[in-house]
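# Close look at the chain arrangement
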Amino acid sequence: MSAVTAREPATPPNAAPVSPLSTSLRTMMCGDVRAAHGRAVDGVFLHVHRSRDLGGIVFIDLRDRAGLVQVSFDPRWTPSDVLARAGSLGVESVVLVDGTVAERPHDARNPDLATGKVEIRATGLRVVGPAVTPAIPVARVKGEPLPAEELRLRHRHLDLRRPELQANLVLRHRLLQAARGFLATAGFLELETPILTKPTPEGARDYLVPSRVHAGEFYALPQSPQLYKQLFMIAGFDRYFQIARCFRDEDLRADRQPEFTQIDIEASFVTPEDVIGLTERLLGVLFAESGVTIPERFPRMAYAEAMERYGIDRPDLRYGLELYDASAAFRGGELGIARKALDAGGRVRGLRIAASEGAARLSRKQVDELEAIARAAGAGGLIRLRRAGHALEGPAAKFLAADAADQLGLADGDLGLYVADADRVSGPALDRVRQELARRLNRIPPGGALAFVWVYDFPMFERDPSSGHLGAVHHPFTAPHPDDVDSLDSAPERARAVAYDVVLNGTELGGGSIRISDPATQERVFALLGIDAETARARFGFLLDGLRSGAPPHGGIALGFDRIAMLLSGAASLRDVIAFPKTTAARALFEGAPAPVPAAELRDLHIGVE
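Residues numbered from 1 in each chain as written. Predicted model: local features only at pLDDT ≥ 70, side-chain atom pairs only at ≥ 80, totals over all residues. Heavy atoms only, no water.

Below, the discussion takes up the layout of surface pockets. Gaps between atoms show up when a probe of the same size as a water molecule is rolled over them. Of the pockets and cavities examined, the second largest pocket occupies roughly 600 Å³. His 49, Leu 68, Leu 113, Arg 140 and Pro 163 are the residues nearest the centre of the second largest pocket, which is lined by 21 residues in total. At the level of secondary structure, the elements contributing two or more residues to the lining of the second largest pocket comprise strand 1 (40–53), strand 2 (58–64), strand 3 (67–73) and helix 4 (163–185). With five residues, helix 4 is the single largest residue contributor to the lining of the second largest pocket. In the lining of the second largest pocket, the residues fall into eight nonpolar, four polar and nine charged. (1 Å grid on protein atoms, 1.4 Å probe; cavity = no way out; pocket = protein on both sides within 12 Å on 5 of 7 lines; lining within 4 Å. Points joined across faces, edges and corners; volume = space filled by probe spheres on them. Helix = DSSP H or I, 4+ residues; strand = E, 2+ residues; numbered from the N terminus. Nonpolar A, V, L, I, M, F, W, Y, C, P; charged D, E, K, R; others polar.)

This part takes up the sheet that holds strand 6 (residues 189–190). Backbone hydrogen bonds hold the strands of a sheet together, and the pairing may be parallel or antiparallel. The mixed open sheet is built from eight strands, whose spatial order is 6-9-10-22-21-20-17-11. What marks the edges here is a single partner per strand, and that holds for strand 6 and strand 11 (300–302). Pairing of strand 9 (residues 239–247) with strand 10 (residues 259–268) involves nine bridges; the strand directions are antiparallel. Its bridge partner being in strand 10, Tyr 240 is matched across the sheet by Glu 266. With respect to the sheet, helix 7 (residues 303–310) is in contact with strand 11 and strand 17 (452–456), its orientation differing from that of strand 11 by roughly 85°. Its contacts with the sheet put helix 15 (residues 561–569) on strand 10, strand 20 (499–504), strand 21 (507–514) and strand 22 (554–560), and the angle it makes with strand 22 is roughly 45°. (Pairing = 2+ DSSP bridges. Contact = heavy atoms within 4.5 Å. Axes fitted to C-alpha atoms, helices over the stretch in contact; angles between N-to-C directions.)

It is worth spelling out the confidence of the model for the chain at this point. The predicted model of the chain has a mean per-residue pLDDT of 91, with 95% of residues at 70 or higher. Long-range and interchain partners of residues 4–17, a stretch whose pLDDT sits below 50, account for 19 contacts in this model, where long-range means more than four residues apart. (pLDDT = per-residue confidence, 0-100.)

Moving on: the environment of Val 419. Among the structural elements, Val 419 can be located in strand 16 (residues 415–421). Using a relative accessible area of 1% as the deciding quantity, one classes Val 419 as buried. C-alpha separation for the pair Val 419 and Gly 56, spaced 363 residues apart in sequence, amounts to 72 Å. Each residue touching Val 419, except ones within four places of it in the same chain, is listed here: Arg 347, Val 348, Arg 349, Ala 379, Gly 381, Leu 382, Ser 426 and Leu 430. (Buried < 20%, exposed > 50% of the residue type's maximum accessible area, 1.4 Å probe, protein only.)

Attention shifts here to the pattern of salt bridges. Evaluated as defined, the whole model comprises 51 salt bridges. We note a salt bridge from Asp 562 to Arg 172, for which the minimum N-O separation is 2.8 Å. Of this pair, Asp 562 sits in helix 15 while Arg 172 sits in helix 4, and the two are 390 residues apart along the sequence. With a closest N to O distance of 2.7 Å, Asp 368 and Arg 384 form a salt bridge. One end of the pair, Asp 368, is in helix 10 (residues 364–376); the other, Arg 384, is in strand 14 (residues 383–388), and 16 residues separate them in sequence. Taking the relative accessible area as the measure of exposure, Arg 384 reaches 17% and is therefore buried. When salt bridges that share partners are traced, they join Arg 140, Arg 152, Arg 156, Asp 159, Arg 162 and Glu 164 into one network. (Salt bridge = Lys/Arg side-chain N within 4 Å of Asp/Glu carboxyl O.)

So, about a nonpolar patch on the surface. A cluster of nonpolar side chains, Leu 208, Phe 218 and Ile 607, forms an exposed patch at the surface whose accessible area comes to about 250 Å². For Phe 218, the location among the structural elements is in strand 8 (residues 218–220). The class for Phe 218 is partly exposed, based on a relative accessible area of 39%. (Patch = residues over 30% accessible without salt bridge, like charges linked within 9 Å, V, L, I, M, F, W, Y side chains within 5 Å. Areas by Shrake-Rupley, 256 points an atom, 1.4 Å probe, with all protein chains shown as cover.)

Here we come to the packing of helix 4 against helix 6 (residues 272–289). Packed helices, taken two at a time, are described by their axes: the angle between them and the distance between them. Between helix 4 and helix 6, the least distance of the axes is 9 Å, while the angle of their chain directions is 145°. Handedness of the crossing formed by helix 4 with helix 6: right-handed. The segment helix 4 lies against helix 6, with Arg 174, Leu 175, Ala 178, Ala 179, Phe 182 and Leu 183 engaging Leu 278, Arg 281, Leu 282, Val 285, Leu 286 and Glu 289. Considered class by class, the residues forming the contact of helix 4 with helix 6 number nine nonpolar, no polar and three charged. (Left-handed = near helix turned anticlockwise from the far one by under 90°.)

With that out of the way, let us pick up helix 12 (residues 423–440). Between the first and last C-alpha of helix 12 there are 25 Å, a value that for 18 residues agrees with the 26 Å anticipated at 1.5 Å per step. Every buried residue of helix 12 is accounted for by Val 425, Ser 426, Gly 427, Ala 429, Leu 430, Asp 431, Val 433, Arg 434, Glu 436, Leu 437 and Ala 438. Contact partners of the buried residues in helix 12: helix 7, strand 13 (347–353), helix 10 and strand 16. Asn 442 sits one or two positions beyond helix 12 and adopts a positive phi of about 55°. (Expected span 1.5 Å × (residues − 1).)

What follows is about helix 10. Look at helix 10: 18 Å from first C-alpha to last across 13 residues, which is about the 18 Å you get at 1.5 Å a residue. Residues of helix 10 that are buried make contact with strand 14, strand 16 and helix 12. Phi turns positive one or two residues past the end of helix 10, at Gly 378, with a value near 115°.

Here we take up the packing of aromatic side chains. Scanning the model with the defined rule gives 13 aromatic pairs in all. Judged by centre distance (5.5 Å) and plane angle (70°), the ring pair of Phe 287 and Phe 452 falls under edge-to-face. Placement of Phe 287 in helix 6 and of Phe 452 in strand 17 is noted, with a sequence separation of 165 residues between them. Residues Phe 287 and Phe 452 agree in their burial class; the two are buried. By the ring-pair criterion, three or more aromatic residues cluster together here, those being Phe 232, Phe 237 and Tyr 240. (Phe/Tyr/Trp six-rings, centres within 6.5 Å; stacked < 30°, edge-to-face > 60°.)

Now the structure itself:
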C-alpha cells in the first residue's frame, strides 16, 4: 500500500469556504457534511463505524469526533474495484473517501443523525489505517451494556472513540477555555509553578521523586501550588491563576484521582467577599458553557450550622431530612448504648421520617440495610423507633420513658433513626443514612436540581482523637478569624478560620481561604501544630522569608475542575472525564503503571526495594 501523500484541494478558489479543520487530506469532518455543501468531497475520513453489504450495494458509516456520516458504494457511481474494497472493510479501519454529497431518498433518511438527510456517494476509497478486530466494541446497539470498566481502561484508546467520552472531553476543553478567558479578562495572569518541589504537609501523603544527582534526597509532586501562589502575591503579581496539575497519594473514590486538575486562583488585597463573588461569576460562566443557568449568588451557611443540621460540612440541600438532637428523650433511660454515649459527653442524634413521607414504605429489611450503612461509616449501630398510636415500637422502646415518643417529636406512623455517639461519629454516619433515605424515598428533585451553598467559619484546628495533637482543618496557611486571634493559645480548638468552601448537591466543588500574611502569626500557627522553629525553618523557610519581605493581604480558592466537568457532563465517575485515568487502586491499566524498575536504575537513584 502506498504512503499517503498530500493532494491539491478538490474545491476551486471561488468555492464555498472550507472548514477550519480542513487539511491537505481532508476537506471536511464527517459530522459536518450537509446538503448545503453541494460540492465534491475529497478525503472525508476516519474510523469505519459500521458496514452493511446489501448484495452489490455497500453502506458504511464513517465516524470522527464531529459525528457520523453514511457513505454509499453503488455500481451507478462507484468503480467496481472501489466497491470490492468497500465490501471487505473492517470496522475501526481508517479510510480516505472521495465522492460527492447527495441527499438521501426521503424514506432512507435518519432523523437521529445530524447528517441523516445526506450521504456521500463514493467514487474513491483508500484504506490508510487497517484495523484488527477491536478488543472492545466501539459501535454499540442502543441499550447494549458497556464492557466491564477494567477491560475498557485496558483498551482506553478504543474506549475513547465512544461518542459519549469524546463529548465529555470536548466539554472539558470548552470549560478550560471558558475559565481561561474569564480569568484573563478579570486581570488574572496565568503563571506556572514547579512540578518537582519540596515535601510539605497538606493533609495527604506526597508522591516522592528520588534525585539521581543528590543521593538520598527527594522531590515531591505538588499536592497544590499553595506556597508558590502565595509567593507570587509577595512578589507583586497581584492576580494569579493556573490550570494546575496536583498529586495526592491517598485512598481513591469515584470523585478522586491520584493526579487531578484544579483551577487555582490567588489575589492580593481581597476579602472573602471578593473571592466568593469572583467564584460565583466564574462558575456561572462554566455552567453556561454547558447550557445551564445558575443563580448569581449562592446561599451561605456557617460550618457549625451545617454540622448540626446535616452532620457534614458539604450538605446536600436538595431535600430535607435534617438531623436533630434527641438526647433528652434518652437521658435517664436504661438503653445502654445511649447512656454510655451521654456519659462520655456525646449525644443521641437522628432523623425523623414522617408517615406521610414514606416511613411506612421502609421495611425491617430496608432499615437493616440503613443500619449497615451507618456501621460502615463508623457508628456502633442504628437505634430505630416507630410510633404506633401513643406507644413506641422497636427493640429500644422498652428502655425509654412513657412520654419518649412526644419528646422525640414522632407522630403516629413516623419512624426515627438515631445514632448514640460523639458528634464526630454520629454526624458522618447519619449523613450517609440521610443520603440513602433521600434516594430510596425519591426525595431528590428530578430534572437536574442544583443546590449551591457556601460553607464558612470553619474551625482552624481539629484534635486527633487518638494522639490528642492538633491538626489544620484546611491547611497551616489559613488565616485565623480576626475575632479569635487572641484565643489561639488558650483555646485553639475554638478558633475559626477565614475559610470557605463552595458545595453543590453534597459535593465540594472547591475550597479557599484568606492566608496568613504576617510571619509571626504563621510561626505561631506552626507551633500550635507541633512544628517547632527548627522544623518550620527547614520545611517552610522560603515562605517565612517571603512573608518577612513584606506581604500584602491575600487569599484565593482552588476549584476541582475534574469534579465540575463530571457534574456538567452527567458522568458517573471522574474516570469518564479524564482521558487516561487511574483505577480506584491507583493503577493505570492502559500503560501498565506503576511498574517495577530495573535494579540498575534503582542503584542510580541510590534507593533499594525490599
